[in-house]
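Descriptive analysis of the structure
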Amino acid sequence: MPDRALWRRMGRPLLALATLAAIWQLVLILSGVPRYILPSPAAVANALFEHRGLLAHHAAITAIEIVAGLIGGILLGLTTALALARFRALRRTLLPLLLISQAIPLFALAPILMLWLGYGLGPKILMAMVIIYFPVASTGYDGLRQTPQGWLDLARTFGLSRRQQLLKVQLPAALPALASGLRMAASAAPIGAVIGEWVGASQGLGYLMLNANARLQIDLMFAALVVLVTFAVLLYFGVDAALRAAMPWQRDRTAPDQ
């Protein structure tokens, strides 16, 4: 029923949020943690209201970095997955490089990108792309190469070329695996942007958090964190909803029968 579906989508997260706020307040009461270490939920809510203009400005900058990095990382990762599935010689060269690239800490790349590209939006977008790229490329490639052999045999029977098989048979078959990579990418996208802002920036939620921490405005720092988490959650559920709409045949097996 629509009401029950709406409760599952909205009611439970709100209940979890209220429970977290209650536990947070209880910890403060029982432990006596000072306000400059952990502000109360009410203080954070007040900072969200009082600094809403400032938070909105910095959130818009971070949102641009995250969305642009997400789109760029998805396109680059999907292109890489298709190329790996299509060209065997490329797999022998590129796959080891992809694995080696994951051994490089993201924090180690940030100062280099700042040195090369400056302190504008470019390095932050690229940082988000880097952290998104591998999950999309790896899950996309795994999905493409795990296409049922019977489907490929049927495609050859109908005279499809290798490129047509890749785009019309393997790519649709890879969508469930690719969806997992896209969901991981949506969760990880804010990490790259915020790390870039921590290393060097004059705008963005990451910059605002560092600035507020230096000024001992801990309630504002937590307010910026709340905005960042909210945006990340909305981004994840937005990507998840788009994937569900794109794959109506992929029924959620964990959902109870209606």
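It should be emphasised that the depicted structure is a prediction, and the values quoted were computed from it without experimental measurement.

Calculation criteria
- Residues numbered from 1 in each chain as written.
- Predicted model: local features only at pLDDT ≥ 70, side-chain atom pairs only at ≥ 80, totals over all residues.
- Heavy atoms only, no water.
- Salt bridge = Lys/Arg side-chain N within 4 Å of Asp/Glu carboxyl O.
- Helix = DSSP H or I, 4+ residues; strand = E, 2+ residues; numbered from the N terminus.
- Buried < 20%, exposed > 50% of the residue type's maximum accessible area, 1.4 Å probe, protein only.
- Core = buried A, V, L, I, M, F, W, Y, C linked by side-chain atoms within 4.5 Å.
- Contact = heavy atoms within 4.5 Å.
- pLDDT = per-residue confidence, 0-100.
- Expected span 1.5 Å × (residues − 1).
- Arc of directions from axis to C-beta.

1. A short note on the pattern of salt bridges
Within the structure shown, the criterion is met by four salt bridges. Residue D240 pairs with R244 through a salt bridge whose shortest N-O separation is 2.9 Å. Taken together, the positions of D240 and R244, both in helix α10 (residues 218-246) and four residues apart, correspond to about one turn of that helix. When its relative accessible area of 5% is taken as the criterion, D240 is described as buried. Overall, the relative accessible area of 34% leaves R244 in the partly exposed class. Bridged by salt links that share partners, the residues R183, D240 and R244 form one connected network.

2. A look at the nonpolar core
L55 and L70 are the most contacted members of the largest nonpolar core, which has 32 residues in total. Residue contributions to this core peak at eleven residues, all from α10. Once you skip the residues sitting within four places of it in the chain, L70 turns out to touch I132, A185, A186, A189, L235 and V239. A81, Y133, A137 and A174 belong to the second-largest nonpolar core, a separate cluster that totals eleven residues.

3. Focus on the confidence of the model for the protein chain
The predicted coordinates should not be examined in detail at positions where pLDDT is low. Mean pLDDT over the protein chain stands at 83; residues scoring 70 or higher make up 91%. Here residues 254-258 scores under 50 on pLDDT; set against residues more than four positions off or in separate chains, the count is four contacts.

4. Looking at helix α5 (residues 106-117)
Over its twelve residues, α5 runs 16 Å from end to end, which matches the ideal 16 Å to within 8%, given 1.5 Å per residue. For α5, the full list of buried residues reads L106, A110, L113 and M114. End-on view of α5: buried residues confined to an arc of 100 degrees, all on one side of the axis. Across α5 from its buried face, at more than 90 degrees, point the exposed residues L115 and W116. Backbone geometry just after α5 places G118 at a positive phi near 90 degrees.

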